[in-house]
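# Examination of the molecular architecture
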Amino acid sequence: MDKGLPFTIRVVTALLLLRESSQAGAGRNDDAGVDSRGQVEGLPTLTVTTILEDPYVMVRGAELEGYCMDLLGALAGMLRFQYRVKVVGDGQYGAVSAGGNWTGMIGEILRKEADIAVAPLTVTSAREEVVSFTTPFLQTGIGILLRKDTVSQEMSFFHFLSPFSKETWTGLLFAYLLTCCCLFLVARLSPCEWNEPKNEENHFTFLNSLWFGAGALALQGVTPRPQALSVRVVAVVWWLFTLALLAAYIANFTALLSSGSEQLPIQTFEDLVKQRNLEFGTLEGSSTFYFFKNSKNPIHQMIYEYMEKRREHVLVKTYQEAVQRVMDSNYAFIGESISQDLAAARHCNLIRAPEVIGARGFGIATTQASPWTKPLSIAVLKLRELGDLDYLRNKWWESSCLRQSRDRWSPLEPPALGGLFLALGVGLALGVLAALAELSNSSRLTAGHAKKSCCSVFIEEICTRLRIKEKARPSQETSGKANA
């Protein structure tokens, strides 16, 4: 008995240690979180219904992935539940059928076939009456998806002016006139260009100066050709200016033609109703369809009547069918703007019209008496505050087309060419100063030979070249004759 007692004590101690170890392991498992695709004993299991739609839920191999799957995994980790995902049987979001029953994911929740619906499910008043929704995890609206070549319009008659803004064209015209005036002035002042003002004709008249400046814009050499250094300085500066300007014009015009940045003829839903080239429709039984049905806006009513009359032809069954139809035919799809942004990102020949109406959100649907509604709403708010929802949006919506759309073409403004205009102004100033220096040097030599004041000869030369009549000297001669 003495030997049995220590053995019993050892057994009891070992059992106690094993029990404490298992409890500690369970505690560590609770702290570490739950694998959303694993089965953890002791945690509640929710049946989740969803719908296949890129990029919310997609099939990759034997698993589902996408924005909603990442969101579901984050919510399961925060609220400590495990889940089983099933794709909705009829492929519908949820609408009232002719018999008064709900279809799609809403119907599965009402029939207790699923506990929650995590999908791009729009929160509407009709759905809110039969199920409960959490705080929206994505904000969206109703937009128009178009194919670029179906809405491209003919270029305007003056489309060649688009590379530069109106201010830039005005500045260019002013620079041209100022340069021609400087060229005309410098050619008259420089004795190397016009040596005998009284006997020979100045080739650089104002009209010839205008023609010389226009020839430089066309990269063509024209007569007369400058001979004086000052005139050549003005000409060279103007040639360099035109070369840089033409390079900027050609580059921006090429970017304009390749970017397709022309204004779309279909900007609003009113434009869509007025045109006759495109058919338009939406998803059958979707919240978008019932939005137009219940709207009091006359334009919205016209859209609903059009879709109702051509229901069999313009309404589509799935979102993928809608995108394919837009790409293959003259068809405009009316639907969730956030999904259309993705379509325009994945297919670079698609574009969404600017107007978005009917601001709404995507929420998680639960039964009305579900204890998970409020915890899920709080968890969604926490994910938004932490920036996780923005991260998921960037992760699943990013594409090369989106990066290209950020590089919007815009006409060149004067600040972009400010350095070029400044260089032209400095060059013109140097040309005028060079002409004055040439004239001053010539006047100094003339004054030395004629034994006159250099300043008087310089002023006389300027007056002669600019055809300014001196009134002081005739008056003095007249007074002298009177005294005689």
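The sections below set out a description of the structure shown in this document.

Calculation rules
Residues numbered from 1 in each chain as written. Predicted model: local features only at pLDDT ≥ 70, side-chain atom pairs only at ≥ 80, totals over all residues. Heavy atoms only, no water. Helix = DSSP H or I, 4+ residues; strand = E, 2+ residues; numbered from the N terminus. Buried < 20%, exposed > 50% of the residue type's maximum accessible area, 1.4 Å probe, protein only. Pairing = 2+ DSSP bridges. Contact = heavy atoms within 4.5 Å. Axes fitted to C-alpha atoms, helices over the stretch in contact; angles between N-to-C directions. Patch = residues over 30% accessible without salt bridge, like charges linked within 9 Å, V, L, I, M, F, W, Y side chains within 5 Å. Areas by Shrake-Rupley, 256 points an atom, 1.4 Å probe, with all protein chains shown as cover. Salt bridge = Lys/Arg side-chain N within 4 Å of Asp/Glu carboxyl O. Core = buried A, V, L, I, M, F, W, Y, C linked by side-chain atoms within 4.5 Å. Parallel < 35°, antiparallel > 145°, perpendicular 65-115°, else oblique. Nonpolar A, V, L, I, M, F, W, Y, C, P; charged D, E, K, R; others polar. Expected span 1.5 Å × (residues − 1). Phe/Tyr/Trp six-rings, centres within 6.5 Å; stacked < 30°, edge-to-face > 60°.

## Concerning the overall build of the chain
Each helix and strand in the chain was counted, giving 20 helices and twelve strands. Expressed as a percentage of the 484 residues in the chain, the buried residues total 40%.

## A closer look at the sheet that holds strand β5 (residues 116-117)
Pairing is mixed across the open sheet formed by five strands, whose spatial order is β4-β1-β5-β12-β6. Strands at the two margins of the open sheet, each flanked by one partner only, are β4 (82-87) and β6 (132-133). On top of the sheet, helix α2 (residues 67-79) reaches β1 (45-50), β4 and β5; it is set at about 160° to β4, its chief contact.

## A short note on the pairing of β1
Within β1, five of the six residues are buried, leaving the element largely enclosed by the surrounding structure. Examined bridge by bridge, β1 and β5 share two bridges and lie parallel to one another. Along β5, the bridge assignment pairs Val-48 with Ile-116.

## Digging into a nonpolar patch on the surface
Together, Leu-219, Val-236, Trp-239, Leu-240 and Leu-243 give the surface a local cluster of nonpolar side chains, amounting to about 480 Å² of exposed area. Within the secondary structure, Leu-219 sits in the loop between α7 (206-217) and α8 (229-259).

## Observations regarding the nonpolar core
Formed by 45 residues in total, the largest nonpolar core has its most connected members in Phe-292 and Phe-333. Sorting the residues of this core by element identifies α3 (104-110), β7 (138-147), α9 (269-274), α10 (287-294), α11 (298-309), α13 (319-328) and β9 (331-336) as the ones contributing at least two each. With near-sequence residues (within four places) excluded, Phe-333 lies in contact with Gly-143, Ile-144, Leu-145, Gly-281, Thr-282, Leu-283, Val-316, Tyr-319, Ala-322, Val-326 and Gln-340. Met-58, Tyr-83, Phe-137 and Trp-397 belong to the second largest nonpolar core, which has 32 residues in total.

## Considering the packing of helix α14 (residues 337-346) against helix α16 (residues 388-397)
Packing of α14 against α16 brings their axes to within 10 Å, and their N-to-C directions diverge by 40°. The orientation of α14 relative to α16 falls into the category oblique. Judged by residue contacts, Ile-338, Asp-341, Leu-342, Ala-345 and Arg-346 of α14 engage Arg-393, Trp-396 and Trp-397 from α16. The residue inventory of the contact of α14 with α16, partitioned by class, reads five nonpolar, no polar and three charged.

## What about helix α6 (residues 166-189)?
For α6, spanning 24 residues, the distance from its first C-alpha to its last is 35 Å, which sits close to the expected 34 Å at 1.5 Å a residue. The set of residues buried in α6 consists of Thr-168, Leu-172, Ala-175, Tyr-176, Thr-179, Cys-180, Cys-182, Leu-183, Val-186, Ala-187, Arg-188 and Leu-189.

## With respect to the packing of aromatic side chains
Under the definition given, this model contains 23 aromatic pairs. Between the aromatic rings of Tyr-56 and Tyr-67, the centroid separation amounts to 6.3 Å while the plane-to-plane angle is 85°, which identifies the pairing as edge-to-face. Of this pair, Tyr-56 sits in the loop between β1 and β2 (58-60) while Tyr-67 sits in helix α2, placing them eleven residues apart in sequence. The class for Tyr-56 is buried, based on a relative accessible area of 0%.

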